[in-house]
Amino acid sequence: SSSSLVGTWRVVRFCDQDSAGVVSEPMGPKPMGYFIYTPTGQLSIHAMRTPPAGPVAGDSVRLRNLAELRPYYFSYFGTYTITSDTTVIHHVEGGTFPDYIGTDQLRGYRIRGDTLSIGAPLFPCRVLIRAR
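Residues numbered from 1 in each chain as written. Predicted model: local features only at pLDDT ≥ 70, side-chain atom pairs only at ≥ 80, totals over all residues. Heavy atoms only, no water.

Caption draft 1: Summary view of the packing of aromatic side chains. Counted under the stated rule, the structure contains six aromatic pairs. Judged by centre distance (5.5 Å) and plane angle (55°), the ring pair of phenylalanine 14 and phenylalanine 74 falls under tilted. You can see phenylalanine 14 sitting in strand 1 (residues 7–17) and its partner phenylalanine 74 sitting in strand 5 (residues 73–84), a full 60 residues away along the chain. Under the relative-accessibility criterion, phenylalanine 14 is labelled buried at 3%. Judged by centre distance (4.9 Å) and plane angle (80°), the rings of phenylalanine 74 and phenylalanine 97 are edge-to-face. In this pair, phenylalanine 74 is assigned in strand 5 and phenylalanine 97 in the loop between strand 6 (87–95) and strand 7 (104–112), connecting sequence segments 23 residues apart. Ring-pair connections join several aromatic residues into one group, and the members of that group are Phe14, Phe74, Tyr76, Phe97 and Tyr100. (Phe/Tyr/Trp six-rings, centres within 6.5 Å; stacked < 30°, edge-to-face > 60°. Helix = DSSP H or I, 4+ residues; strand = E, 2+ residues; numbered from the N terminus. Buried < 20%, exposed > 50% of the residue type's maximum accessible area, 1.4 Å probe, protein only.)

Spelled out as structure tokens, the structure:
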């Protein structure tokens, strides 16, 4: 059922695939993070590079803008609407990607047991495990 998306999911793979089919891992080979879908419709997504690097490594760094965090940390929050057993829309209220704020981000997803695969066409391989 669509309600099976509700819960907390731990990031185990965070990869992108370009139009030529080349896969990259922008958060490295062992990313950390959670995708949280509350029963009342709120959404919180976080992913970061492990081990922490760059501005999140512990040194105090002045960022000129949020975009400088992108190689190391990715986050946004808002609400969500499940439109089918394979599609969810993330209604983004805020986050580290200014161009996402105020937009609706369509995501296809598939749940097999405790594994969630989710993404847009350009991001087909976000893989998460249900946190218990």
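Caption draft 2: Spotlight on the pattern of salt bridges. Considering all chains together, one arrives at three salt bridges under this definition. Arginine 13 is the salt-bridge partner of glutamate 25, the closest N and O atoms lying 3.2 Å from each other. Of the two residues, glutamate 25 is situated in the loop between strand 2 (23–24) and strand 3 (32–37) and arginine 13 in strand 1; the sequence distance between them amounts to twelve residues. Across the salt bridge formed by aspartate 114 and arginine 130, the nearest N and O atoms sit 3.8 Å from each other. Of this pair, aspartate 114 sits in the loop between strand 7 and strand 8 (115–119) while arginine 130 sits in strand 9 (residues 125–130); the two residues are 16 residues apart in sequence, bridging distant segments of the chain. (Salt bridge = Lys/Arg side-chain N within 4 Å of Asp/Glu carboxyl O.)

Caption draft 3: Structural view of the side chain of arginine 107. Along the chain, the position of arginine 107 falls in strand 7. Looking at arginine 107, its side chain comes within polar contact range of the side chain of glutamine 105, at 3.2 Å. Excluding residues within four positions of it along the chain, arginine 107 makes contact with Tyr76, Thr86, Thr87, Val88, His90, Tyr100, Ile118, Gly119 and Ala120. (Polar contact = N/O pair within 3.5 Å; in protein donor to acceptor, adjacent residues only side chain to side chain. Contact = heavy atoms within 4.5 Å.)

Caption draft 4: A look at the side chain of serine 75. One can find serine 75 in strand 5. With residues near it in sequence (within four places) discarded, serine 75 still touches Ile45, His46, Gly95, Thr96 and Phe97.

Caption draft 5: Examining the pairing of strand 9 more closely. The pairing of strand 1 with strand 9 spans six bridges and is antiparallel. Note on strand 9: the bridge partner recorded for valine 11 is leucine 128. (Pairing = 2+ DSSP bridges.)

Caption draft 6: The arrangement of the nonpolar core in detail. Core analysis: the biggest nonpolar cluster contains 22 residues, and Leu5, Trp9, Phe35, Tyr37, Leu116 and Ile118 have the highest contact counts within it. Where this core is concerned, the elements lending two or more residues are strand 1, strand 3, strand 4 (42–48), strand 5, strand 6, strand 7 and strand 8. If near-sequence neighbours (up to four positions away) are discounted, leucine 5 is found in contact with Tyr37, Ile82, Val88, Tyr109, Ile111 and Leu116. (Core = buried A, V, L, I, M, F, W, Y, C linked by side-chain atoms within 4.5 Å.)

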